[in-house]
Amino acid sequence: MAAQQRLPSGEKLQALRDTANRLRIHSIRATCASNSGHPTSCCSAAEIMSTLFFYGMKYKADDPGNVNNDRFVLSKGHAAPVLYAAWTEAGYIAESDLLNLRKIDSDLEGHPTPKLSFVDVATGSLGQGLGAACGMAYTGKNFDKASYRVYCLLGDGESSEGSVWEAMAFGSHYNLDNLVAIFDVNRLGQSEAAPLQHNFDIYKSRCEGFGWNTLVVDGHSVEELCQALLTASQTKGKPTAIIAKTFKGKGIPGVEDQDNWHGKPIPKDKVEEVVQVIQKKISNATKLCPELPTEDAPVVDVSNVKLSTPPSYKLGDKISTRKAYGVALNKLGHGNSHVIALDGDTKNSTFSDMFRKDFPDRFIECFIAEQNMVSVAIGCAARGRTVPFASTFAAFLSRAYDQIRMGAISQTNVNFCGSHCGVSIGEDGPSQMALEDLAMFRAIPTATVFYPSDGVSTERAVELSANTKGICFIRSSRPDTDILYANDEKFEIGKAKVVLKSESDKVTVIGAGVTLHEALAAAKTLASEGLNVRVIDPFTIKPLDKKMIVENVKATGGRVVVVEDHYPEGGLGEAVCAAVSSQPGIVVRHLAVPRVPQSGKPTELLELFGISSSHIVATVKAFVLGN
């Protein structure tokens, strides 16, 4: 019988206790050396980490990123020193390196990041780790069909976050019996006690109410923790929540279970005294070794993802870019078996339903829980197991901004499609209109922002995003618009397209999505009046093709009009302004949605908010005439 299937011997139980106390000592010394950190949060979790890393989990200690290893997510990321200490006990990190915690030249940062091979997702913004763990567990069970299990350690304070309960609902709905969430209930938060303190009946009833197998244990008893982990490994059909009663600062005299010690290292003149107290509880220096994993995770290749067939439109045909997204996503699914799709109950509007119909086993319905959808996508992408595309209305991604931001810190490769952008969606009104999404994604450091304007460019944007590192955002529109490009048109990230050009152009007009089509309509009107303008499709807003824009604007007398279905702040207009800011003699006119909009027909709203073809015509005329 494998070690994972039986309780440890008395000798090993003592070794687990000894290991837990060494984890305390490592954490205290590391935070003292950095003069910052959270030793009390580490000490409450010491037995949990000891039993997890040297009884519950199976992994190769010398190969932390091995695809067969069990996964661990430290959702309470401020307890990073105890994670680093665990890998020291496992032999992967030198004990001396712990004293470089939080230093500028050390990868042992204040909160875990994937700079470290044993960290799959960055944590520290609380409430997000369990969602990512759900994505890993879903991937392990349904895509990899492998033996590895997923463990997530949460703090009790972060259980006030709604995203935790979104993840709890997800985990039980999909019967993720390879997932274990451990709540370190140490009673004390940052500024005062956590709301439930040590009321375990409520913790238990909440977790059970969300459909989890729930166990309440003494979090400082390695015997009870081992029994709970064994029970979790034998539970089928539902995930397990272990509610561990602990005390913040456990083992530190005068600090244990006392308020006002969150995020404070032990004073330097007290450290050795405290260490000696804990050291006396250690029987011997025996180092434990984890059990090796079952090597049954499949080989996965997520490189060179291609559309199964090229675009096949006719010039002048009409299709919305949101529908073209669905067409392209379906083609990617046929082209690579590791492409997956997630949606937040909007699949019949984002057209991700086209993917679901052909690949139901690779589609994850996340329901109306966008924060968790993003975290699940990040978990699915971890260790390069899948190529995830997550879609919803672009406006609703704003509530998941923190998850997206943390995705960048996690170095994740997740693709987002936000549909129903701008006032052009029409009658649904402002709550459904994304008018700040470009600003949001432009501010994400690893993001590539696509804004395709027809079916051909949309399909190529989807294909490019699948092969681009970092976060990708594809902004899609609701109205049907003309096909502008030939099916064999080549698209590149950071390369704009000059859609209309003559030698006598007086103004450059830049639009994207629906406003590119308004710009072309305006150009036709202006040409009939003897005034030619140049029209540019940026294709990507980040990176923007600065060189092409500057060259063309200079060729049209330094005059440029930018028109966008977005608020003025942070969108295409400000991107263009930044691109030309160092160039003398360039003047920008910016047309954007100036205030909170309202319901109406798309054409009415484009006109009302000053981004229609008629407004472009008027702006160009005034520009050229000097008004």
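Residues numbered from 1 in each chain as written. Predicted model: local features only at pLDDT ≥ 70, side-chain atom pairs only at ≥ 80, totals over all residues. Heavy atoms only, no water.

In the annotation of an unreviewed UniProt entry, the protein is listed under the name transketolase and assigned to Petromyzon marinus. Regarding the protein, the relevant UniProt record gives this comment under Sequence similarities (unreviewed entry): "Belongs to the transketolase family." Regarding the protein, the UniProt comment filed under Subunit (unreviewed entry) reads as follows: "Homodimer." (UniProt positions renumbered as here; feature names shortened; annotations may be inferred.)

Colleague: Can you help me understand the pairing of strand S7 (residues 339–343) in this one?
Modeller: The side chains of a regular strand alternate, first on one face of the sheet and then on the other. Most of S7 sits out of view: five of its five residues are buried. Of the two faces of S7, the one carrying Val339, Ala341 and Asp343 and the one carrying Ile340 and Leu342 are both buried. Note: S7 against strand S9 (residues 387–393), five bridges, orientation parallel. In the sheet register, Val339 faces S9, and the bridge partner there is Val387. Relative to strand S8 (residues 363–365), S7 runs parallel, the two being bridged by three bridges. Bridging from a neighbouring strand, Leu342 pairs with Ile364 of S8. (Buried < 20%, exposed > 50% of the residue type's maximum accessible area, 1.4 Å probe, protein only. Helix = DSSP H or I, 4+ residues; strand = E, 2+ residues; numbered from the N terminus. Pairing = 2+ DSSP bridges.)

Colleague: Honestly, the side chain of Glu158 in this entry has me stumped. Any pointers?
Modeller: Note that Glu158 resides in the loop between strand S2 (150–155) and helix H6 (162–173). One buried charged residue, Glu158, forms no salt bridge at all, with the nearest opposite charge on Lys76 at 7.5 Å. Residues contacting Glu158, with those up to four places away along its chain left out, are Ser75, Lys76, Leu126, Gly127, Gln128, Leu153 and Val164. (Lys, Arg positive; Asp, Glu negative; His and termini not counted. Salt bridge = Lys/Arg side-chain N within 4 Å of Asp/Glu carboxyl O. Contact = heavy atoms within 4.5 Å.)

Colleague: Help me understand helix H21 (residues 613–625) in this model?
Modeller: Each full turn of the α-helix corresponds to 3.6 residues, which orients residues three or four apart in the same direction. End to end, H21 covers 18 Å across 13 residues, agreeing with the expected 18 Å (1.5 Å per residue, within 8%). All of the buried residues along H21 are Ile616, Val617, Thr619, Val620 and Phe623. Contact partners of the buried residues in H21: strand S15 (507–511), helix H17 (514–528), strand S16 (533–537), strand S18 (559–563) and strand S19 (587–591). Backbone geometry just after H21 places Gly626 at a positive phi near 80 degrees. (Expected span 1.5 Å × (residues − 1).)

Colleague: I would appreciate a short explanation of unusual backbone geometry in the present structure.
Modeller: For residues other than glycine, phi is negative in most cases, and the peptide bonds are mostly trans. Geometrically, the link from Lys542 to Pro543 is a cis peptide bond, its omega value of 0 degrees lying close to zero. By secondary structure assignment, the location of Pro543 is in the loop between strand S17 (540–542) and helix H18 (546–555). Look at Asp345: it is not a glycine, yet its phi comes out positive at around 60 degrees. If you trace the backbone, Asp345 turns up in the loop between S7 and helix H11 (347–350). In this structure Asp345 comes out as partly exposed when scored by relative accessible area, which is 40%.

Colleague: Can you walk me through the sheet that holds strand S3 (residues 179–185) in this structure?
Modeller: What links the strands of a sheet is backbone hydrogen bonding, and the strands pair in either a parallel or an antiparallel sense. Judged by pairing direction, the sheet is parallel, and its five strands sit side by side in the order S1-S2-S3-S5-S4 without closing on themselves. Two strands in the sheet have a free side with no partner beyond their single neighbour: strand S1 (71–74) and strand S4 (213–218). Taking the axes of each pair of neighbouring strands and ignoring which way they run, one obtains an average angle of 20 degrees across the sheet. (Axes fitted to C-alpha atoms, helices over the stretch in contact; angles between N-to-C directions.)

Colleague: Quick question: what am I supposed to make of the environment of Ile409 here?
Modeller: By the secondary structure assignment, Ile409 is in helix H14 (residues 401–409). A residue is classified by how much of its surface remains accessible, and Ile409, at 37% relative accessible area, is partly exposed. Note: C-alpha distance between Ile409 and Lys115 (294 residues apart in sequence) is 9.6 Å. Those residues in contact with Ile409 that lie beyond four places of it in its chain are Thr113, Pro114 and Ala122.

Colleague: I'm lost on the packing of helix H1 (residues 10–34) against helix H3 (residues 46–56) in this one. Help?
Modeller: Each pair of packed helices can be summarised by the angle the axes make with each other and by the distance between the axes. Running from N to C, H1 and H3 point in directions that differ by 125 degrees, and their axes come no closer than 8 Å. As the angle between them shows, H1 and H3 are arranged oblique. Between H1 and H3 lies a crossing whose hand is right-handed. In this structure, H1 uses Lys12, Leu16, Thr19, Ala20, Leu23 and Arg24 to contact H3, whose residues at the interface are Ala46, Glu47, Met49, Ser50, Thr51, Phe54 and Tyr55. Residues of the contact of H1 with H3, tallied by class, amount to seven nonpolar, three polar and three charged. (Parallel < 35°, antiparallel > 145°, perpendicular 65-115°, else oblique. Left-handed = near helix turned anticlockwise from the far one by under 90°. Nonpolar A, V, L, I, M, F, W, Y, C, P; charged D, E, K, R; others polar.)

Colleague: Quick question: what am I supposed to make of the pairing of S9 here?
Modeller: With respect to burial, S9 is a largely interior element, seven of its seven residues being buried. Summarising the sheet, S9 and strand S10 (residues 415–419) pair through five bridges and their orientation is parallel. Looking at S10, one finds that Thr392 is bridged to Gly418.

Colleague: What should I look at first to understand the environment of Arg460 in this one?
Modeller: The residue Arg460 is located in helix H16 (residues 455–466) in this model. The contact partners of Arg460, leaving out residues within four places of it in the chain, are Leu307, Pro310, Pro311, Asn487, Glu489 and Phe491. Side chain to side chain, Arg460 and Glu463 meet in a polar contact 2.8 Å long. (Polar contact = N/O pair within 3.5 Å; in protein donor to acceptor, adjacent residues only side chain to side chain.)

Colleague: How should the sheet that holds strand S14 (residues 497–500) be read in this particular structure?
Modeller: Read across the open sheet, the five strands follow the order S14-S16-S15-S18-S19; overall the sheet is mixed. Each of the sheet's edge strands pairs with one partner strand only, and the pair in question is S14 and S19. The average undirected angle you get between the axes of adjacent strands in this sheet is 25 degrees. Where S15 lies against S16, four bridges are found, and the strand directions are parallel. Note that in S16 the partner of Val509 across the bridge is Val535.

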